[in-house]
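Listed below are the residues making up each chain.
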Amino acid sequence: MVFRPNNFAKKPIKENQPPSRLTLSSKLAARLGRGSAAAHGHRRTRSNGSSAMIRTPKYAAQQAKRRDDYKLKRSKFLRIPVPALPVMADVEVATGTAPNAKTVHLALPRELPRPEYKEINQEILEYVDASFADTELEYVRDNVLFLAPQLVESLTSVRINSSKDQIPKELTIIANDKTAVTPSHIMAIWTKRPDNASASRPQKVTLYPVHSLVLAMYCSNLPKPPPTLPLPVHQSGEQEVKVPVWTLCLPSSETYPQLALYLYTKNSNGLMRNIFPSAPPDHFFENQGQLSSFATHLAQTFTVQALARNIFKVHGLWQNACALGIYDGQLWETMDLMWATMLTALAIATNNTSLLASLRQESPPAEDPVPQASTSSSA
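Since this is a predicted model, take the numbers as computed values, not measurements.

A. Main features of the environment of Leu 250. Of note, Leu 250 is situated in the loop between strand 10 (239-249) and helix 8 (256-265). Expressed as a C-alpha distance, the spacing of Leu 250 and Trp 190, which sit 60 residues apart in the sequence, is 6.3 Å. Apart from residues lying up to four places away in sequence, Leu 250 is in contact with Ile 189, Trp 190, Thr 191, Tyr 256, Asn 320 and Leu 324.

Given below as structure tokens:
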């Protein structure tokens, strides 16, 4: 990521010396205080020694067993009758339903399962930005999150000169004075065609600008991106910039932009506004006691078919998170809330009292405290 300084024109520039660009690495380094010896002591780095929080293999196995025992109690699928099959390629009709039946039954899991935890690929992270190889990942995330408003504005400020015939290795974007941080890549997102799709239909590919460091910080299954290209000297107004194209196949290309925006902002309520068919109550994530009333509103506002389509949109978001290997606790809690809300809305819309009763189940067991590292002090 490279910063386009908005105020460089206000500063005196030496004759015949073009204004220099600031990379995101330089911006973060300044924010982390790497240039100051006094601040250097406060910089959090990855520790090679013991940590205050120890996740031993025994502890991990115990917690995995607790989760598995809990899932056994809740692993059954819920059968929800829908008046007409939603027009979606990946909707599966429950076994025993006639193809031309006026009512079909959707088999939906009670909750979205979570994959096994996987560490961020350090090689990919260092390939994207080697300057933070020795810095604690959470510390870098916190500081990139501080820059989120500038990063998001930069994404929305650029225009992509796309090719309709094929996906090239490079594309030209039109940046402007609002592009404070030039995107490093153009994501070419696509989804595999269903087996029954016509092979003659062109493959749909959608292009999105992105800063590769943001994805690398959260996605443990991320493939290595193409190398970045050198950027031209900054010019005021609109300016053409060539960036590499990064193709990525995801289960749900439809929900990639919502998921990517969440990784930039970590805004759960914003993510839900972008996924739900209508805006949830203010501070819904913080006040989940509003679930029943909001689900009732959805059930009274939208058809059962529309609600079914939306719950598969939530499912697509979950598929993308699993495919990319995103293990963000807040994201998973947000998806759980959306899933429970849509299940409740479907139960109300179909007048399924038994389903409503089954949704009122105990919460999952809380994880035991992480064992603390033992410390010794000498008198």
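B. Quick look at the sheet that holds strand 10. As summarised here, the arrangement of the 5 strands in space is 5-6-10-8-9, forming an open sheet in which the pairing is mixed. Edge positions in the open sheet fall to strand 5 (159-161) and strand 9 (205-210), since each of these has one partner strand only. Strand after strand, the sheet turns through a mean of 35° between neighbouring axes, direction not considered. Here 6 bridges tie strand 8 (residues 185-190) to strand 9, and the two strands are oriented antiparallel to one another. Residue Met 187 lies in a different strand from strand 9, and its bridge partner there is Tyr 208. Packed on one face of the sheet, helix 8 meets strand 8 and strand 9 and runs near 10° to strand 9.

C. Here's a closer look at the packing of helix 9 (residues 268-275) against helix 12 (residues 329-349). Contact pair helix 9 / helix 12: the axes reach a minimum separation of 10 Å and the direction vectors enclose 40°. Relative to helix 12, the element helix 9 is oriented oblique. For helix 9 against helix 12, the interelement crossing comes out right-handed. Where helix 9 approaches helix 12, its residues Ser 268, Leu 271, Met 272 and Ile 275 are matched on the opposing element by Gln 330, Leu 331, Thr 334, Leu 337 and Met 338. Grouping the amino acids of the contact of helix 9 with helix 12 by side-chain chemistry returns 6 nonpolar, 3 polar and no charged.

D. Region of interest: the packing of aromatic side chains. This structure, assessed with the given rule, holds 5 aromatic pairs. Ring centres 5.4 Å apart and planes at 65° place the aromatic pair Tyr 117 and Tyr 327 in the edge-to-face group. You can see Tyr 117 sitting in the loop between strand 4 (104-109) and helix 4 (122-128) and its partner Tyr 327 sitting in the loop between helix 11 (304-324) and helix 12, a full 210 residues away along the chain. Look at Tyr 117 and you get exposed, because its relative accessible area is 56%. Residue class for Tyr 327 comes out partly exposed when judged on its relative accessible area of 25%. Note on Tyr 208 and Tyr 256: the rings are 5.2 Å apart at their centroids and 50° apart in plane angle, and the pair reads as tilted. Of this pair, Tyr 208 sits in strand 9 while Tyr 256 sits in helix 8, and the two are 48 residues apart along the sequence. Taking the relative accessible area as the measure of exposure, Tyr 256 reaches 3% and is therefore buried. Through a chain of ring-to-ring contacts, three or more aromatic side chains come together here, namely Phe 276, Phe 284 and Phe 294. The ring of Tyr 127 has Lys 224 sitting right over it, with the charged end atom 4.8 Å from the ring centre.

E. Up close: the pattern of salt bridges. In this structure the tally under the stated criterion is 4 salt bridges. Between Glu 238 and Arg 159 there is a salt bridge, with the nearest N and O atoms lying 2.9 Å from each other. Here Glu 238, found in the loop between helix 7 (212-218) and strand 10, pairs with Arg 159, found in strand 5; they are 79 residues apart in sequence, far enough to count as distant. In this structure Glu 238 comes out as exposed when scored by relative accessible area, which is 53%.

F. Quick look at the pairing of strand 3 (residues 77-82). Alternating residues of strand 3 divide into Leu 78, Ile 80 and Val 82, all buried, and Phe 77, Arg 79 and Pro 81, none buried. Relative to strand 4, strand 3 runs antiparallel, the two sharing 6 bridges. The partner of Val 82 across the bridge, within strand 4, is Val 104.

G. Here's a closer look at unusual backbone geometry. Not every positive phi belongs to a glycine, and Lys 266 is a case in point at roughly 55°. Examined against the element boundaries, Lys 266 turns out to sit in the loop between helix 8 and helix 9.

H. Here's a closer look at the nonpolar core. Of all hydrophobic cores here, the largest spans 72 residues; its most connected members are Leu 108, Met 187, Leu 215, Tyr 256, Met 335 and Met 338. Ranked by residues supplied to this core, first place goes to helix 12 with 11 residues. Contacts of Leu 215, omitting those with residues within four sequence positions, involve Met 187, Val 210, Leu 222, Trp 246, Tyr 256 and Leu 263. Formed by 9 residues, the second largest nonpolar core is a distinct cluster that contains Leu 171, Ala 175, Ile 186 and Val 245.

I. Representation of the environment of Leu 207 within the structure. In this structure, Leu 207 sits in strand 9. The spacing of Leu 207 and Pro 257 is 50 residues in sequence and 10.0 Å in space, taken between C-alpha atoms. Not counting chain neighbours up to four residues away, the residues in contact with Leu 207 comprise Ile 160, Ser 162, Ile 167, Leu 171, Ile 186, Met 187 and Ala 188.

Conventions used here
- Residues numbered from 1 in each chain as written.
- Predicted model: local features only at pLDDT ≥ 70, side-chain atom pairs only at ≥ 80, totals over all residues.
- Heavy atoms only, no water.
- Helix = DSSP H or I, 4+ residues; strand = E, 2+ residues; numbered from the N terminus.
- Contact = heavy atoms within 4.5 Å.
- Pairing = 2+ DSSP bridges.
- Axes fitted to C-alpha atoms, helices over the stretch in contact; angles between N-to-C directions.
- Parallel < 35°, antiparallel > 145°, perpendicular 65-115°, else oblique.
- Left-handed = near helix turned anticlockwise from the far one by under 90°.
- Nonpolar A, V, L, I, M, F, W, Y, C, P; charged D, E, K, R; others polar.
- Phe/Tyr/Trp six-rings, centres within 6.5 Å; stacked < 30°, edge-to-face > 60°.
- Buried < 20%, exposed > 50% of the residue type's maximum accessible area, 1.4 Å probe, protein only.
- Lys NZ or Arg CZ within 6 Å of the ring centre and 35° of its normal.
- Salt bridge = Lys/Arg side-chain N within 4 Å of Asp/Glu carboxyl O.
- Core = buried A, V, L, I, M, F, W, Y, C linked by side-chain atoms within 4.5 Å.

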